[in-house]
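The lines below spell out each chain.
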Amino acid sequence: MHKVALMKGDGIGPEIVDAAVQVIEATGVDIDWIHLEGGQSARKKLGASLPDETLSTYLECGVGFKGPFSVEMEDERVTPRPRGVSKNKQPRSYNSATNALRREGGGFAAVRLARNYRGVPAPIHGLDVVIVREINEDIYVASEYTVEDDTAVALKIITRKASEAVVRFAFEFAKRNRRKRVTAVHKANVLKQTDGLFVRVAREIACNYPEIEFNDRFVDASCAMIVSNPSWFDVAVMPNQYGDIMSDLCAAAAGSLGLGAGATYGTQACLFEPVHGTAPDIAGKGIANPVSQILSGALMLRHLGEEQYAAAIELAVKDVLSETANHTPDLGGNATTQKITQAIVDRISGHNSR
Ligand code: NAI
């Protein structure tokens, strides 16, 4: 039996997490869900958006399944003290509970899946890409300062260690998921030292994976290609900022944020969650698209070694999305969260009983 830390979160979180749990359980996989508080709901109830108990239990489980958490106050700092940290040691501080979970778990690679589905309206067709993004460095270390009134400077940091870890992960992910090509995305023609190091490391690592095709592309050309030749990309690995931008581009190109599955892989714990936020505009209405959370669940099952259950979920989602009657309002339909969830559950149960 797998132990999974379950955090439903805020806004549409509880609705789509319940839907995803229903779908995961329909496969027959044996999971012991450990229910934990987190997000603004926990803050209201327990005074902390990431209670120490939640972080400690998540780290002990090593796997978390999470709905989105809302960040209500921009200046909120989260300083959890997980079990085992000495009282004398200064706890680390984060700008959100989600970030704290990702960092405390030793997160080094974020994965975002984006693909088009037959029958789902989208601005482009043929996209099926895995974005693998480094998450600890690059310009997002946010080390910036003002030199004088009208001049500001920001540091971009790229290290061999972090680049190696994320590129190696991208190749391993490609191998496990029978993907054929890894592309390193960069701007090394301009940023010769920083992005130059990233792409050099990527080329070195690629030599260890002769069975997987490797190439590299400039980030601007990559964005153009997502639109002009979407089926070209397979697995794309990149530094933090390019990954941030390309993830949103690909999520929009897929047709809805409600289809975007994601995960953060860490040295101590991995967190599976959709790419979007709490969608406060539709929370409580029963019309949120649960597919992002359900497909994040499939990613989690694959991580747990339950390939056949992961594949069953992905197949059922594909089948169900091909019928417009199952489309939630974000996809242009009027199905409820429960209707599409039930359709996916029925499809899985049908496959299981054959
Ligand atoms: P959002 O992603 O929540 O919503 C953007 C738009 O997409 C809205 O119109 C929403 O209705 C729609 N949408 C998102 N997911 C959907 C789904 N599953 N089905 C149908 N429609 C969906 O972004 P927003 O409004 O900027 O953020 C709201 C809150 O979420 C903020 O407090 C933010 O900090 C938080 N957030 C949390 C994240 C996390 O926990 N990983 C990630 C991103 C935002």
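Residues numbered from 1 in each chain as written. Predicted model: local features only at pLDDT ≥ 70, side-chain atom pairs only at ≥ 80, totals over all residues. Heavy atoms only, no water.

**Structural notes on the overall build of the chain**
Across its full length, the chain carries 11 helices and 12 strands. Evaluated residue by residue, the chain yields a buried proportion of 53% over its 354 residues. For the chain, restricting intrachain contacts to residue pairs at least 6 apart in sequence, the fraction spanning at least 24 positions comes to 72%. Summed over all atoms, the accessible surface of the chain reaches about 15,800 Å², with 50% contributed by carbon and sulfur. (Helix = DSSP H or I, 4+ residues; strand = E, 2+ residues; numbered from the N terminus. Buried < 20%, exposed > 50% of the residue type's maximum accessible area, 1.4 Å probe, protein only. Contact = heavy atoms within 4.5 Å. Areas by Shrake-Rupley, 256 points an atom, 1.4 Å probe, with all protein chains shown as cover.)

**A look at the sheet that holds strand β12 (residues 270-272)**
Across a sheet, paired strands are connected by hydrogen bonds in the backbone, their directions being either parallel or antiparallel. Read across the open sheet, the 10 strands follow the order β2-β1-β3-β12-β11-β4-β5-β10-β8-β9; overall the sheet is mixed. Of all the strands in the sheet, just β2 (31-35) and β9 (213-218) have a single pairing partner and so form its edges. Here the strands of the sheet are splayed against their neighbours by 25° on average, with no regard to which way each runs. Pairing analysis gives 3 bridges linking strand β1 (residues 2-7) to strand β3 (residues 63-66), with the strands arranged parallel. Bridge pairing in β3 places M7 opposite K66. Contacting β8 (181-186) and β9, helix α7 (residues 219-228) runs over the sheet at an angle of about 105° to β9. Taken strand by strand, helix α9 (residues 291-303) contacts β1, β2, β3, β4 (107-115), β11 (261-266) and β12, and its axis lies near 35° from that of β11. (Pairing = 2+ DSSP bridges. Axes fitted to C-alpha atoms, helices over the stretch in contact; angles between N-to-C directions.)

**A few points about helix α3 (residues 52-61)**
When we look at burial in α3, the residues that qualify are T54, L55, S56, T57, Y58 and C61. Where α3 is buried, its residues meet β1, β2, β3, α4 (97-104) and β12. In the segment just after α3, G62 is the residue with positive phi, at about 80°.

**Concerning the domain arrangement of the chain**
The parts lose accessible area when they come together, and the size of an interface is often stated as this lost area. For the chain, the assigned domains are domain 1 (1-110 + 270-354) and domain 2 (123-253). The centre of domain 1, based on its C-alpha atoms, is set 25 Å off from the matching centre of domain 2. At the interface, 8 residues of domain 1 touch 12 residues of domain 2. Together domain 1 and domain 2 conceal approximately 830 Å² of surface at their shared face, both sides included; 56% is due to carbon and sulfur atoms. Viewed at the interface, domain 2 and domain 1 are joined by 1 salt bridge. With its nearest N and O atoms 4.0 Å apart, the salt bridge here joins R178 to E307. Connecting domain 1 to domain 2 are 4 residue pairs in polar contact (both at pLDDT 80 or more). Elements represented by at least two residues in the side of domain 1 that touches domain 2 include exactly β4 and α9. By residue number, the principal contributor to the side of domain 1 that touches domain 2 is β4, which donates 4 residues. (Domains from an automatic or database assignment. Buried area = accessible area lost by both parts, 1.4 Å probe. Salt bridge = Lys/Arg side-chain N within 4 Å of Asp/Glu carboxyl O. Polar contact = N/O pair within 3.5 Å; in protein donor to acceptor, adjacent residues only side chain to side chain.)

**Overview of the site of the ligand**
The ligand sits among 21 residues. The nearest are F69, G277, A279, D281 and N289. For the ligand, the protein covers 67% of the area, taking 830 Å² as the surface of the free molecule. Of the residues belonging to the shell around the ligand, the class tally is 9 nonpolar, 7 polar and 5 charged. (Near = heavy atom within 4 Å. Nonpolar A, V, L, I, M, F, W, Y, C, P; charged D, E, K, R; others polar.)

**Description of the state of the cysteines**
Applying the stated rule across the entire model yields 0 disulfides. Between C223, a cysteine without a disulfide, and C250, which holds the nearest cysteine sulfur, the sulfur-to-sulfur distance is 7.9 Å. Looking at C223, the relative accessible area reads 23%, which means it is partly exposed. (Disulfide = S-S within 2.5 Å.)

**Structural notes on unusual backbone geometry**
The general pattern is negative phi for most residues beyond glycine and trans for most peptide bonds. With phi around 50°, R178 is a residue other than glycine that occupies positive phi space. With respect to the helices and strands, R178 occurs in the loop between α5 (160-176) and β8. Phi is positive for A279, close to 45°, though the residue is something other than glycine.

**A closer look at the pairing of strand β5 (residues 128-134)**
For β5, the buried fraction is high: 6 of the 7 residues fall into the buried class. In this structure, β4 lies alongside β5, joined through 7 bridges in antiparallel fashion. Bridging from a neighbouring strand, V111 pairs with V132 of β5. Both β5 and strand β10 (residues 235-238) contribute to a ladder of 4 bridges, which runs parallel. For R133, the partnering residue across the bridge sits in β10 and is M238.

**Re the environment of G106**
If you trace the backbone, G106 turns up in the loop between α4 and β4. With 50 residues separating them along the chain, G106 and S56 place their C-alpha atoms 13 Å apart. Apart from residues lying up to four places away in sequence, G106 is in contact with Y265, G266, T267 and Q268.

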